[in-house]
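Topology and contacts: notes
Next come the chains, spelled out residue by residue.
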Amino acid sequence: MQQPLGEQIRVRVDQDAPLFTEKRGFREAWRQIKRDRFLYALAALPLLYFVIFRYLPMVGLIIAFQDYDPFLGIGAIFSMDNFVGVKHFRNFFDSIFFWNIVRNTVVISFYKLLFGFPLPIILALLINEVRVTLFQRTVQTISYLPHFFSMVVAAGIVRAMLTPQGGLLNQAIVAFGGEAQAFLTDPALFRSILVTMDVWQQAGWNSIIFLAAMATINPEMYEAAAMDGANRFQRMWYVTLPSISFAIVIILIFRIGGMLDAGFEQILLLYSPSVYSVSDIIDTYVYRAGLIGRQYSFGAAVGLFKSVLALILMYMANKVAHYLGQEGLW
Amino acid sequence: MKLSRGEKLFDWINILVLTIVTLFFLVPFLSVVSTSLVSGREYALRGLFILYPHRPVLNSYDMLLGQGSIVINAYFVTTARVIVGTSLGLIFTFPLAYVLSKRRLYARVPITMFIFFTMLFHGGLIPNFVLIEKLGLLDSFWSMILPNLINPWWLLIMRNFMLAIPEELEEAAIMDGASPLVVLVRVYLPLSMPVIATIGLWYAVMHWNYWFDAAIYINDPKKLPLQLILRGILEYGTGQYSDYSGLAEMTELTDPPPAESLKAAMIVITTLPILMIYPFIQRYFVKGIMLGSIKG
């Protein structure tokens, strides 16, 4: 039987080793460390990277509880003089932006999930049914392509499609007797554009994992089903889909776990003040209010709020995965 | 196996649907390519986003890639970023992956947890910015390299690959009198070449495409990578760079390209290298999705 996909996609932290190699106290530990001093020396510099560029910013989060002044030295971060407690958090929760950006984050993520999750599965099902290998490969290669464009390029292509100055879509509308529209500044359309672009850029790429799961299905299952008179749709429905259901469930769970990432770069590159009301998410708000507006402490507080929520969501997603008998991320 | 009529119909409909889907993925980019070739004259006659220009011209490219232009400069910045970022990325990632693949290592699991935690929790935008500022890296080339030295996810994938290399190889080499360094360089490095090549490609594409760090850390236009020049031209047109030689020659052209063609040409210029190597590197990326799976 095939491996459970949880096994395939996760990066396991524990590799069936006990926590410490042997429990023989400090002396034995020191002996082992001395024996492997070459290995520790190799690891030192890379680990220093994690300390400086990954953990120091976490320490820096204490400015969320201060009135941080960028013109004071580093010492100011560690002094109690500027300590203001949860003032910035309270300001954030009380601000008129709070509900709007939380709602936008969740709603945009939800729409991306609603369309961006099932479409790769359907695409994988269709590609899996193709009998002509050359055609199959061509479709796959082209469908992955947008994934390799940088976000700036992808957003540029979307702008080019939608511009009222002769964009492809507007030219088509005009050709059919309609009137050119400014799509990107229309609040009613902006989220649909985000979702469509997301599908365009990622659907092909996201289908790979499902195709890989399908490749592990035993061909005898299809032959048996065909013998019993199942047609192609029935085989897709009763053989292929159940066989990849574990992949579908686990990927869905972790996408929900990552829901607070609604697409910061994408939105930052496409939005404008006229569509802030429907597209301003937590990340873009941190960027504008915190970084551009130079309210570092306030921005750090909003960012911390999001990071903690995201950690809890991921933790719950992992718990659910375990509960369903799949192996989670850890 | 003889196919029934229903089966054949199914196949044809499937091919038809997939062809339409493929066009959905492909046409937006193709139309940008064709727009980049439209001349000012043709624009006046036929409009802009035509499926193919009757008389394709390279005016837009001439203008963007003129002698000493900011675009050429940005090409050098991005190339340097890719080369330095990828080399240093591998130099930092490979040894740590090697160390973490040693099952006998004391405190191996705590060290791995220490790294793994950074995948789940981040300081976030503002503390990262403050850090770069305090390190004096604002407006420095290194602000694009150092924060991205090691991708923890890829590190663990590389470690998983090396976990599959039998430990007996190391024992045998040590029996033969090899030092730990020789074991690493002569035994593990050659055996790890497939995963090093794959992850090197990931670092390279990441560095070519990434833009946000430069957007917040770098102000000097001469230090901006290609993606940021593209962003500037897309959002504000070419005017903002008119102080720099190369792009100002617009007025001297007899048939200046329309603004939308310039933008389209800049998109093509930015993504052309990716496009050219894409057919050859694609399988490394696809394989990579499965690589993490080697023994979990």
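Please read these numbers as outputs of a predicted model, since none were measured by experiment.

Some details on the interface of chain B and chain A
Taken together, the 88 residues of chain B in the interface contact 86 residues of chain A. Top element by residues in the side of chain B that touches chain A is helix α1 (residues 5-36) of chain B. It accounts for 18 residues. Here the side of chain B that touches chain A is built from residues that sort into 57 nonpolar, 21 polar and 10 charged.

Side note on helix α6 (residues 125-134) of chain B
Among the 10 residues in α6 of chain B, 7 count as buried, and that is most of the element. Three or more residues of α6 of chain B are buried, namely Leu125, Ile126, Pro127, Asn128, Phe129, Val130 and Ile132 of chain B.

Points about the nonpolar core
Of all hydrophobic cores here, the largest spans 131 residues; its most connected members are Ile157 of chain A together with Met158, Ile229 and Leu230 of chain B. A total of 11 residues in this core trace back to one element, the largest contributor, which is helix α10 (residues 187-215) of chain A. Here this core gathers at least three residues from each of two domains, domain 1 (5-17 + 88-323) and domain 2 (36-85) of chain A. In contact with Leu230 of chain B, not counting residues within four places along its chain, are Val152, Val153 and Gly156 of chain A together with Met266, Ile267 and Thr270 of chain B.

Some details on helix α5 (residues 108-120) of chain B
With 13 residues, α5 of chain B should cover 18 Å at 1.5 Å per step; its first-to-last C-alpha distance of 19 Å lies within 8% of that length. The complete set of buried residues in α5 of chain B reads Arg108, Thr112 and Ile115 of chain B. Taken together, the buried residues of α5 of chain B touch α3 (37-60) of chain A together with α4 (70-100) and α7 (152-163) of chain B.

Cut-off values and rules
Along each chain, numbering runs from 1 in the same order as the chain's sequence is written. Here every chain gets a letter starting at A, and every ligand a number starting at 1, in the order they are written. Per-residue local features are limited, in this predicted model, to residues with pLDDT of at least 70; the limit for side-chain atom pairs, both in listing and counting, is 80 or more; totals at the level of whole chains, interfaces and linings are taken over all residues. Whether two residues are in contact depends on their C-beta atoms, placed from the backbone: they are in contact if these lie within 7 Å. Note on conventions: DSSP H or I runs of at least 4 residues are helices, E runs of at least 2 residues are strands, and numbering of each starts at the N terminus. Basically, the charged four are Asp, Glu, Lys and Arg, the nonpolar ten are Ala, Val, Leu, Ile, Met, Phe, Trp, Tyr, Cys and Pro, and anything else, Gly included, counts as polar. We call a residue exposed when 12 or fewer other C-beta atoms sit within 10 Å of its C-beta, buried when the count reaches 20 or more, and partly exposed for counts in between; the C-beta positions come from the backbone. For the purposes of this analysis, a nonpolar core is taken to be any set of buried Ala, Val, Leu, Ile, Met, Phe, Trp, Tyr and Cys residues that are connected through C-beta atoms within 7 Å. An automatic or database domain assignment is the source of the domain bounds shown. Here a helix's expected span is defined as the number of its residues, less one, multiplied by 1.5 Å.

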